[in-house]
Amino acid sequence: MTALSLKSYRRITVKIGSALLVDRESGLKRGWLDSLADDVADLAKGGAEILVVSSGAIALGRTILSLGKRVLKLEESQAAAAVGQIALASAWSESLGRHGLRSGQILLTLGDTEERRRYLNARATISKLLEFKAIPVINENDTVATTEIRYGDNDRLAARVATMMGGDLLVLLSDIDGLYTAPPARDPNAKFIPVVDRITPEIEAMAGAAASELSRGGMRTKLDAGKIATLAGTAMIITSGTRQNPLKAIDHGERATFFRQSANPVKGYKTWIAGQLEPAGRLTIDTGAVGALMSGKSLLPAGVKLVSGAFSRGDTVAILDPDGREIARGLVAYDASDAVRIAGLKTAEIAERLGYEARSAMVHRDDLVISMARAAAV
């Protein structure tokens, strides 16, 4: 594959894994961070806007607090994050400051990008930082996030940030140099894949688990990130960050997997819907309804065969085909209790069942996004 050129992109989000930034024994890898800051500065001087999604707060905090390698309790992880976040923000400020660049820290929870109002507030703040020519340094707010309200990995957080900000490229720096047909640590015959045109179920089947105890993600979360990014029109690169100057290495032709963005990306309001990570419920539909959705129509109750989950009107639901594969996401027009009552009914029968005049669509087409892989296969 021809060498990729980051300089052709206008707004780039770069995600850094914990294992790249923090050594288990000695803490922050200052030399590596400085080399990455050199790369960021070069891109910024060339006119690109750079956003950084930086893992490492808990890993750095546990090193500073001498907590060792033992499994931490929730409150210990949150305390380590509180210490690590200060150190991490300071390190980024110093490294970027060597080039005259300013930085600003943004701490997000899952709700900050899943809830529409908070999503818009976060976008406005980051937009203002970019307007001020400051580098946003973003991390999950591990000091308050618990299992139920967290991303759990910064790959998907980075994808949400990239699409929220209308970015055209997401770079995931990891401890692996790209996508292989199988996890190379387990399969010596695994073949490297330089370009992915579309993330299909076959591509997803190649994913493995996390490669180190400092990393909460693995190739599976990177592909999840890729689906969020590419559907919204953001290209993605997975490459190794273990070398010095890892962004320059991409331009110099070092191995990396490039994921092409969708030719027909969702935009604006639908970007937010498509990027939702935690659907409140699921609607399984029949083959006739699948065809209707693919032709641009709304989902009517008549096509719904099964309703699951405890959702309220306006929540995001996943829409599944008869084989259980997710084909779309959308904002549902009914509470779960009413959705169960009207599933399978024709439009004329809804009011009689509910006792009031209601919406004809279970999910209106204006509030619905088709998944890219399934749409291409139909």
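Residues numbered from 1 in each chain as written. Predicted model: local features only at pLDDT ≥ 70, side-chain atom pairs only at ≥ 80, totals over all residues. Heavy atoms only, no water.

1. Structural notes on the overall build of the chain
At step 1: Helix and strand counts for the chain come out as 15 helices and 17 strands.
At step 2: In summary, the chain has a C-alpha radius of gyration of 22 Å against a globular reference of 21 Å for 378 residues, a match within 12%.
At step 3: Counting only C-alpha atoms, the chain reaches 70 × 45 × 45 Å along its principal axes.
At step 4: Expressed as a percentage of its 378 residues, the buried residues of the chain come to 53%.
At step 5: Restricting to contacts in the chain with at least 6 residues of sequence separation, those with at least 24 account for 73%.
At step 6: Summed over its atoms, the accessible surface of the chain is roughly 16600 Å², and 50% of this surface lies on carbon and sulfur atoms.
At step 7: In the chain, which carries 48 positive and 43 negative side-chain charges, the distance between the mean positions of the two groups comes to 2 Å. (Helix = DSSP H or I, 4+ residues; strand = E, 2+ residues; numbered from the N terminus. Rg over C-alpha atoms; globule rule 2.2 N^0.38 Å. Buried < 20%, exposed > 50% of the residue type's maximum accessible area, 1.4 Å probe, protein only. Contact = heavy atoms within 4.5 Å. Areas by Shrake-Rupley, 256 points an atom, 1.4 Å probe, with all protein chains shown as cover. Lys, Arg positive; Asp, Glu negative; His and termini not counted. Charge placed at Lys NZ, Arg CZ, Asp CG, Glu CD.)

2. Brief notes about helix H3 (residues 57–64)
At step 1: Most of H3 sits inside the fold, with six of its eight residues counted as buried.
At step 2: Against the buried residues of H3 lie helix H1 (18–21), strand S2 (22–23), strand S3 (27–28), helix H4 (74–97) and strand S6 (134–140).
At step 3: Trailing H3 by a residue or two, serine 66 shows a phi angle of about 55°, which is positive.

3. Re the pattern of salt bridges
At step 1: In the structure shown here, the tally under the stated rule is 23 salt bridges.
At step 2: For the salt bridge of arginine 160 with glutamate 114, the shortest nitrogen-to-oxygen distance reads 3.4 Å. Of this pair, arginine 160 sits in helix H7 (residues 154–164) while glutamate 114 is found in helix H5 (residues 110–114), placing the two residues 46 residues apart along the sequence.
At step 3: Assessed through its relative accessible area of 0%, arginine 160 is described here as buried.
At step 4: Given the relative accessible area of 12%, glutamate 114 is considered buried.
At step 5: One salt bridge in this structure joins arginine 325 and aspartate 321, with 3.0 Å as the shortest N-O distance. (Salt bridge = Lys/Arg side-chain N within 4 Å of Asp/Glu carboxyl O.)

4. Observations regarding the confidence of the model for the chain
At step 1: Averaged over all residues, the pLDDT of the chain is 89; the fraction at 70 or higher stands at 93%.
At step 2: Note on residues 209–216: pLDDT under 50 across the span, and 22 contacts to partners over four residues away in sequence or across chains. (pLDDT = per-residue confidence, 0-100.)

5. Focus: the nonpolar core
At step 1: Ile126, Ile138, Leu170, Leu179 and Phe259 are the most contacted members of the largest nonpolar core, which totals 44 residues.
At step 2: Contact partners of isoleucine 126, with chain neighbours within four places excluded, come to Leu51, Ile106, Pro136, Ile138, Met164 and Met165.
At step 3: Of all hydrophobic cores here, the second largest spans 38 residues; its members include Val22, Leu88, Ile250 and Phe258. (Core = buried A, V, L, I, M, F, W, Y, C linked by side-chain atoms within 4.5 Å.)

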